[in-house]
Amino acid sequence: MATTLDHTWFMSRRHLRALVRQPAYIGITIVQPVVWLFLFGSLFKRIVEIPGFGAGNYIEFLTPGVIVMSALFSNGWSGMTIIEDIDAGVMDRFLVTPASRGSIMNGLLVQQAVIDVIQALIMVGIAIAMGARFAGGIVGVIVTIVAGILLGLSFSSFSNALAPLLRTRESVIGIVQFVTLPATFLSGAVMQPSLAPGWIQTIARYNPVNWAVLAGREALGSNPDWSFIGIRLLALLILAVACTTLSTLTFRAYQRAV
Amino acid sequence: MTTTSASRAIDARDLTKTYKGGVHALNGLSFAVAPGTIFALLGPNGAGKSTTVKILTTLSQPTSGTATVAGHDVGKHPDQVRRAIGSVAQRSGVDRQATGRENLTLQGELYGLRGRDLTVRVNDLLDRFGLTAAADRSARTYSGGMERRLAIAMGLVHRPQVLFLDEPTSGLDPEIRADMWAEIARLAREEGLTILLTTHSMDEADQLAQRLAIVDQGRIVVEGTPDQLKGELRGDALQIQLGAPAPNGEVHAALDRVPGLREITLDGATLRARADNAATAVPPLLSALDAAGAPVASVTIARPSLDDVYLRYAGRAYRAAGTEGAAQ
């Protein structure tokens, strides 16, 4: 256990250093959510005027949606590092050392979680600058970030599970992209679900993206319903555990196939 | 374990490996390596060398057979094997986004080195492999030779007992290759390290290895010291260019008196023969020809090459086998 924690730190440090050395990647990671916030924020500004929308300021409504959406988008890329490491022989090098097997995946998850936090804080700051006020305060922001991280853990593990199976960037990114946009729009990320058609409401109820968005939005509002939030965070946690288990299994399959 | 395995750094017995899809990479491969020696597995691409290394380094499991490395069973105690070995794969495994120092440090940390011990060890290795000046540069900027040196340094960071070098010089320039050979030889000599290297280069095996085994189609076809294997080809080849064509009978009569010469043939002014030891056969040969009135223009001695050995044991020419393997 101590070894796994130690090694997770070593692996995380490796990925975070690599991240810092790719300014273009950091730039896109930061700029993209900002663009979403501006773009959707301006495009749908008057959507709050629809009767029954139930929110006064669209930016306040949108912020948890874009935080979760950005977490989804950036975590989907996680498997690329696995493919690069397999192709460069880095993965096999780790596997012939006493490196904790779990730490190889954990390092990637920590890197993604750090990206999630940075993205979320920037978006909250911009939303506030654009006039949004979050009644839920710091606690609300923390809950939103936790929801984004839990969803991100699931999705990066999904990407990490695909990578050793498919072994090509194109196929992993293809599948990940195929999932992200529909999953976002079949949730309450940018639109009040109660105003969406019935079939979308039904799908949204089982969509983890929606769980994360609703938990965050509830926590950012006034008088949050903590059992509503707790149930969704718990569901996200269970999903994250299931997905990380899946990625561990496909990683073992890769080790057997070497 | 048995007493024999303790005196063997590597002991592979009847290894077989069948990949999904029915490709038989290994077909009952066995060999043993004495501690502190360099052992080469020689063979063309696809012969089974890399599969053998993957099994011995715990990366891959054999379909059947057993192996011990540094006295530990690779199947039953992979963790103990991992602590005892260093491995430098064909794809170097260097993280190109990290610096040389970061690569070495992480590698040391994974083996449990920490703090001052780790810093000192990393600095020593950087220095020893001529990477101190480039230590804090991204490995992406390294030349092929530098990257290979870094990979070897990484394989040594925890002072392993057994080092695996899979094709250590493939793709390197000739002069860099010579430096690498010197470094590998020094490791075995000065550190008592056992080295298993795989190569498809006859020269490399001949230069470095105390013993070598020729691998073909997943099994070992012959094993011995380079000299033994070449010696079994019954001697050196001599080619003598005479100043002018000479009568066959007189030349044969003269040479029959020279001890140790065999398979003498004369073709115009070109005389060919074999000798167990050409160096000692040349002086009497020269004087015999001189006495027979057939002055010599030049003499060429060819030691039998491992190419000849491969041809003999694998039953086909090395280059032909290489193309076949690469086409698989």
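Residues numbered from 1 in each chain as written. Chains lettered and ligands numbered in written order. Predicted model: local features only at pLDDT ≥ 70, side-chain atom pairs only at ≥ 80, totals over all residues. Heavy atoms only, no water.

Tell me about the pattern of salt bridges, and please be specific about residues and values.
As a working rule, side chains carrying opposite charge can pair if their charged atoms are close by. All names here are of chain B. Tallied over the entire structure, the rule returns 22 salt bridges over all chains. The partner of R8 in a salt bridge is D11, and the shortest N-O contact between them spans 3.2 Å. Judged by its relative accessible area of 29%, R8 falls in the partly exposed class. Residue class for D11 comes out buried when judged on its relative accessible area of 4%. Close ionic contact of K76 with D73 constitutes a salt bridge, the shortest N to O distance being 3.9 Å. Salt bridges sharing partners connect three or more residues here, namely R128, E183, R186, R189, E190 and E191. (Salt bridge = Lys/Arg side-chain N within 4 Å of Asp/Glu carboxyl O. Buried < 20%, exposed > 50% of the residue type's maximum accessible area, 1.4 Å probe, protein only.)

Explain helix α10 (residues 248–255) of chain B residue by residue, including any values.
Residues and elements named next belong to chain B. Buried within α10 are the following residues: V251, A254 and L255. All buried residues of α10 project into a common sector of 90° when viewed along the axis, lining one side. In this structure, the buried residues of α10 make contact with β12 (261–267), β13 (270–275) and α11 (278–291). (Helix = DSSP H or I, 4+ residues; strand = E, 2+ residues; numbered from the N terminus. Arc of directions from axis to C-beta. Contact = heavy atoms within 4.5 Å.)

Kindly report on the nonpolar core, identifying the contributing residues and their values.
Within the largest apolar cluster, 72 residues are counted, with the highest numbers of intra-cluster contacts made by A:Y58, A:M91, A:L233 and A:L236. Residues B:A40, B:L118, B:L193 and B:L212 belong to the second largest nonpolar core, which totals 46 residues. (Core = buried A, V, L, I, M, F, W, Y, C linked by side-chain atoms within 4.5 Å.)

Tell me about the packing of helix α4 (residues 78–87) of chain A against helix α6 (residues 101–129) of chain A, residues and numbers included.
Residue and element names in this part refer to chain A. It is at 10 Å that the axes of α4 and α6 come closest, and there the two elements cross at 140°. What the angle tells us is that α4 and α6 run oblique. α4 and α6 meet at a crossing whose hand is right-handed. Note on element contacts: α6 touches α4 through M105, L108 and Q112, opposite S78, T81 and I82. Class assignment for the residues of the contact of α4 with α6 results in 3 nonpolar, 3 polar and no charged. (Axes fitted to C-alpha atoms, helices over the stretch in contact; angles between N-to-C directions. Parallel < 35°, antiparallel > 145°, perpendicular 65-115°, else oblique. Left-handed = near helix turned anticlockwise from the far one by under 90°. Nonpolar A, V, L, I, M, F, W, Y, C, P; charged D, E, K, R; others polar.)

If you had to explain the environment of A:L186 to someone new, which residues and values would you point to?
Residues and elements named next belong to chain A. Turning to its location among the elements, L186 is positioned in the loop between α8 (169–185) and α9 (198–205). For the pair formed by L186 and E84, sequence separation is 102 residues and the distance between their alpha carbons is 32 Å. For L186, the residues in contact, after removing those within four places along its chain, are W199, I200, I203, A204 and N207.

Can you lay out the pairing of strand β11 (residues 236–242) of chain B for me, pointing to particular residues and giving the numbers?
All names here are of chain B. Judged by which residues are buried, β11 turns out to be one-sided: D236, L238, I240 and L242 face inward and are buried, whereas A237, Q239 and Q241, on the alternate face, are not. Relative to β13, β11 runs antiparallel, the two sharing 6 bridges. Bridge pairing links I240 to L271 in β13. Where β11 and strand β14 (residues 296–302) come together, 6 bridges link them in antiparallel fashion. Opposite Q239, over in β14, you have T300 as the bridge partner. (Pairing = 2+ DSSP bridges.)

Hey, could you go over the interface of chain B and chain A for me, with residue numbers and the actual values?
Every contact between the two is made by 27 residues of chain B and, on the other side, 28 residues of chain A. Here chain B packs against chain A, burying approximately 2400 Å² in sum over the two surfaces, 52% of which is carbon and sulfur. Considering only the surface of chain B that becomes buried against chain A, B:L59, B:Q97 and B:L110 emerge as the three largest contributors, covering 28% of it. Close ionic contact of A:R17 with B:E102 constitutes a salt bridge, the shortest N to O distance being 3.5 Å. The interface formed by chain B and chain A holds 13 residue pairs in polar contact (both at pLDDT 80 or more) in total. Sorting the residues of the side of chain B that touches chain A by element identifies β1 (10–19), α3 (78–84) and α4 (100–110) of chain B as the ones contributing at least two each. No other element matches α4(B), which puts 6 residues into the side of chain B that touches chain A. Classifying every residue of the side of chain B that touches chain A gives 8 nonpolar, 10 polar and 9 charged. (Buried area = accessible area lost by both parts, 1.4 Å probe. Polar contact = N/O pair within 3.5 Å; in protein donor to acceptor, adjacent residues only side chain to side chain.)

Hey, could you go over the sheet that holds β12(B) for me, with residue numbers and the actual values?
All names here are of chain B. Reading across from one edge, β12-β13-β11-β14 is the order of the 4 strands in this open sheet, with antiparallel pairing throughout. In this open sheet, the two edge strands, each paired with only one partner strand, are β12 and β14. Averaged over all pairs of adjacent strands, the angle between strand axes in this sheet comes to 15°, irrespective of strand direction. Relative to the sheet, α10 contacts β12 and β13, its axis offset from that of β12 by approximately 165°. Packing against the sheet, α11 makes contact with β11, β12, β13 and β14, and its axis sits at approximately 160° to β14.

Quick one: what's the story with the sheet that holds strand β2 (residues 23–33) of chain B, residue by residue and with numbers?
Residue and element names in this part refer to chain B. The 4 strands lie next to each other as β2-β1-β4-β5, forming an open sheet whose pairing is antiparallel. Each edge of the sheet is formed by a strand with only one pairing partner; in this case those strands are β2 and β5 (72–73). Along the sheet, helix α2 (residues 49–56) makes contact with β1, β2 and β4 (64–69), crossing β2 at roughly 65°.

I'd like to hear about the confidence of the model for chain B, residue by residue, with values.
All names here are of chain B. Here chain B averages 87 in pLDDT, and 93% of its residues register 70 or above. When pLDDT is averaged over each element of chain B, α4 comes out on top at 98 and helix α13 (residues 318–327) at the bottom at 46. In this model residues 1–5 is a low-confidence stretch, pLDDT under 50, and it forms 5 contacts with partners more than four residues away in sequence or in other chains. Here residues 322–328 scores under 50 on pLDDT; set against residues more than four positions off or in separate chains, the count is 6 contacts. Interface predicted TM-score (ipTM) for the complex: 0.91; the corresponding pTM is 0.85. (pLDDT = per-residue confidence, 0-100.)

Explain the pairing of β1(B) residue by residue, including any values.
Residues and elements named next belong to chain B. Here β1 pairs with β4 via 5 bridges, running antiparallel. Within β4, the position partnered with I10 by the bridge is V69. Bridge count for β1 against β2 is 8 bridges, and the pairing is antiparallel. Following the sheet pairing, K17 is matched in β2 by L26. In textbook terms, the turn of a hairpin is the stretch between consecutive antiparallel strands, and for β1 and β2 this stretch comprises 3 residues, one of which, G21, has a positive phi near 95°.

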